[in-house]
Amino acid sequence: MIASNEDLKGAILPSAPIPRPCLSYWQRTTRGYRHLNSNQTTNVPKESKYVVIGSGISGALTAFELTENGIRGEDIVIIEAREAASGASSRNAGHVRPDAFRGFKHYSSLHGPEQAQKIIANERVVLDKVEEFVKKHNVPCDFNLTTTFDVCMTPEFVKYEAESFEGFKEAGGDVSHVKFYEKEEAQKKTRVKGALAAYEWPAGSSHPAKLAQWLLNAAIERGATLFTHCPVSKISEGTSKGMWDILTPRGIITTSTVFHCTNAYASLLLPQLSRYLTPNRAQAHTLVAPPAFSGEGLLTNTFSLRYGLNHFYSLIQRKGDGTLVLGVSRTNPTLSTETLREIVQFDDSKYNEEIVEDALKQWQILFPEKDQGVSATGIHGEGLEHAWTGIIGMTGDSVPFVGPVDGLDGQWICAGFGGHGMARIFTCAPGVVKLVLGKPWSDTGLPECFQLGKERLSKLQNLQKSP
């Protein structure tokens, strides 16, 4: 959140994606995607009716939804600064994990209890939307519908979770799908020896790069054109009324409708958002499963292993090859000041060794039993396999920017997902398309607080002024 990042943000200016990022596990396993570097030397056309900037899940789904709503694919151009789907979509930790109740108190403090309920309810809808979409289109993205655990590792967090749960329930929130376990039962259910309590609810996991690439394929097959390695540096008013000139290294493309699906990078082209959108570098790791988590011992649920609200570890295990994907919270208080100061940046070309060491150390604490270890096992090829980073876009009020850009008629935004895009994009992208096609906000089904406008920017400015 911007308020907590403001001191760290310092002199960091809005930026395009850096040209040579590291590769995530998801990217390393999809190098054969045939549109990975599509049109990387081809000049952009002089004009197009619709231009989508960004080819991650947000941009790709926006293009797909346009074609679903009768827009000719030939009228759509997708522009990507690096290779296809090279941003946060292909760098996450593999979760499709809606919040069930935990964020209610925080969202209420920012948007009021009614909006807080809508935010959480919308995330539950997103899980259903993703499952429905994958089944309908037979998308080979390794989507796995399962359940997830919030595992409470400290008495303080047990108390926080209980208060959040009761607060959400008392406000009328639906918790019928949430199960609660204490102590020994929580340890048995989660296989986490030190668990003090756990909450379980429906969630999923996926191969996010495969999902983004399928969406791009579908849009391209319907006539859309993708230009990779083509960073947009500026958008200015065109010579004709209501038109925008989009400047790229390979020409200027003129359009009446621009979609900013650029997440943390949105403020480069929309500098008025720079105060309210902060880049955070997140880190994840893959582990080759030890014996306890191989074969019949495979983890079938996903996890958020929590010492506190800002100190946690996320975990999934892939069904196919058994790869474990371990994410680390960005604001982990046990990390050094130097490492914490590296959070706010745009550099996803490298990873942090201290965070790797912390992840491996915590694994041993969380899973200390025989054959659960991933460090110094003596077996070549077992344990830590890879580490990578990705840049996520944090808004000052913890919800994405969706809708028309005030004062720039014809420019639209779907960005700022705060590391929670897989629980939001599948309603946000279809929602922004509905708005572009003339539908009212009520037709999007989105919480009103997602809408970008003067009132919201004013509230964000006031939040920054608050002590």
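It should be emphasised that the depicted structure is a prediction, and the values quoted were computed from it without experimental measurement.

Engineer: Which parts of the structure should I look at to understand the overall build of the protein chain?
Structural biologist: Tallying secondary structure elements over the protein chain gives 13 helices and 18 strands in all. For 467 residues, the compact-globule formula gives about 23 Å, and the C-alpha radius of gyration of the protein chain, at 22 Å, lands near that figure. When its C-alpha atoms are laid out on the principal axes, the protein chain stretches across 70 × 50 × 45 Å. Among the 467 residues that make up the protein chain, the fraction classed as buried is 58%. Restricting the contact set of the protein chain to residue pairs at least 6 apart, pairs at least 24 apart contribute 76%. When the accessible surface of the protein chain is split by element, carbon and sulfur atoms take 51% of a total near 19,400 Å². Taking the average place of the 48 positive charges on the side chains of the protein chain and the average place of its 50 negative ones, the gap between the two points comes to 3 Å.

Engineer: I'm lost on the state of the cysteines in this one. Help?
Structural biologist: Disulfides are covalent bonds that connect the sulfur atoms of two cysteines. Under the defined criterion, the tally for this structure stands at zero disulfides. Residue Cys 428 stays outside any disulfide, its sulfur separated by 5.2 Å from that of Cys 414, the closest cysteine. Taking the relative accessible area as the measure of exposure, Cys 428 reaches 0% and is therefore buried.

Engineer: I keep staring at the sheet that holds strand β8 (residues 234-237) and nothing clicks. Help me out?
Structural biologist: As a general point, the strands of a sheet are linked pairwise by backbone hydrogen bonds and lie either parallel or antiparallel. Pairing is antiparallel across the open sheet formed by three strands, whose spatial order is β8-β9-β10. In this open sheet, the two strands that pair with only one neighbour each are β8 and β10 (251-255). Recorded for the sheet is a direction-independent mean angle of 25° between the axes of neighbouring strands. As judged from the five bridges shared by strand β9 (residues 244-248) and β10, these two strands associate in the antiparallel manner.

Engineer: I tried to follow the nonpolar core on my own but got confused; where do I start?
Structural biologist: Nonpolar side chains in soluble globular proteins generally cluster together in the buried interior. Judged by nonpolar contacts, the single largest core of 71 residues is most densely connected at Ile 76, Leu 215, Phe 259, Phe 426 and Phe 450. Setting aside residues no more than four positions away along its own chain, Ile 76 makes contact with Ser 48, Tyr 50, Val 52, Ala 63, Leu 66, Thr 67, Ile 71, Ala 224 and Thr 225. With 30 residues, the next largest nonpolar core counts Phe 149, Met 153, Leu 299 and Tyr 313 among its residues.

Engineer: I keep staring at the sheet that holds strand β17 (residues 401-404) and nothing clicks. Help me out?
Structural biologist: As summarised here, the arrangement of the six strands in space is β7-β2-β1-β11-β18-β17, forming an open sheet in which the pairing is mixed. Sheet topology places β7 (225-227) and β17 at the edges, where each strand pairs with a single neighbour. Between one strand axis and the next, the sheet turns through 20° on average, direction left out of account. Relative to strand β18 (residues 411-415), strand β11 (residues 257-260) runs parallel, the two being bridged by three bridges. Pairing of Phe 259 across the sheet is with Trp 412, part of β18.

Engineer: What exactly am I supposed to notice about the pairing of β11 here?
Structural biologist: By the alternation rule, side chains of β11 split into Thr 257 and Phe 259 and Val 258 and His 260, which are all buried. Bridging between strand β1 (residues 50-53) and β11 involves four bridges; their strand directions are parallel. Bridged to Ile 53 within β11 is His 260.

Engineer: Whenever I open this one, the pattern of salt bridges confuses me. Can you help?
Structural biologist: Any two side chains of opposite charge can pair, on the condition that their charged atoms come close. The tally for this structure, following the rule as stated, stands at 23 salt bridges. As a salt-bridge pair, Glu 68 and Arg 222 come within 2.7 Å of each other at their nearest N and O atoms. Residue Glu 68 is located in helix α3 (residues 57-68), and its partner Arg 222 is located in the loop between α8 (208-221) and β7; the two are separated by 154 residues in the primary sequence. Using a relative accessible area of 32% as the deciding quantity, one classes Arg 222 as partly exposed. Note that Arg 318 is salt-bridged to Asp 142, the shortest N-O span being 2.9 Å. With a gap of 176 residues between them, Arg 318 in the loop between β14 (311-317) and β15 (324-328) and Asp 142 in the loop between α5 (113-137) and β4 (144-152) connect regions that are remote in the sequence. Judged by relative accessible area, Arg 318 falls into the buried class, the value being 12%.

Engineer: Could you clarify how one ought to interpret unusual backbone geometry in this entry?
Structural biologist: Excluding glycine, most residues fall at negative phi; most peptide bonds, likewise, are trans. Not every positive phi belongs to a glycine, and Lys 183 is a case in point at roughly 35°. As for its placement among the helices and strands, Lys 183 is situated in helix α7 (residues 183-190). Positive phi, close to 65°, is recorded for Ser 398, a residue that is not glycine. Considering the arrangement of structural elements, one finds Ser 398 in the loop between β16 (383-395) and β17.

Engineer: What's the story with the pairing of β4 in this structure? I'm lost.
Structural biologist: Looking down a regular strand, the side chains alternate between one sheet face and the other. The buried count for β4 comes to seven of nine residues, which makes it a mostly enclosed element. In this sheet, strand β6 (residues 197-205) lies alongside β4 in antiparallel orientation, the contact comprising nine bridges. Bridge pairing in β6 places Thr 147 opposite Pro 202. Sheet topology note: the β4/strand β13 (residues 302-308) ladder contains five bridges and is parallel. Within β13, the residue paired with Cys 152 across the bridge is Arg 306.

Definitions and cut-offs
Residues numbered from 1 in each chain as written. Predicted model: local features only at pLDDT ≥ 70, side-chain atom pairs only at ≥ 80, totals over all residues. Heavy atoms only, no water. Helix = DSSP H or I, 4+ residues; strand = E, 2+ residues; numbered from the N terminus. Rg over C-alpha atoms; globule rule 2.2 N^0.38 Å. Buried < 20%, exposed > 50% of the residue type's maximum accessible area, 1.4 Å probe, protein only. Contact = heavy atoms within 4.5 Å. Areas by Shrake-Rupley, 256 points an atom, 1.4 Å probe, with all protein chains shown as cover. Lys, Arg positive; Asp, Glu negative; His and termini not counted. Charge placed at Lys NZ, Arg CZ, Asp CG, Glu CD. Disulfide = S-S within 2.5 Å. Pairing = 2+ DSSP bridges. Axes fitted to C-alpha atoms, helices over the stretch in contact; angles between N-to-C directions. Core = buried A, V, L, I, M, F, W, Y, C linked by side-chain atoms within 4.5 Å. Salt bridge = Lys/Arg side-chain N within 4 Å of Asp/Glu carboxyl O.

Function cannot be read off these values alone, since they describe shape.
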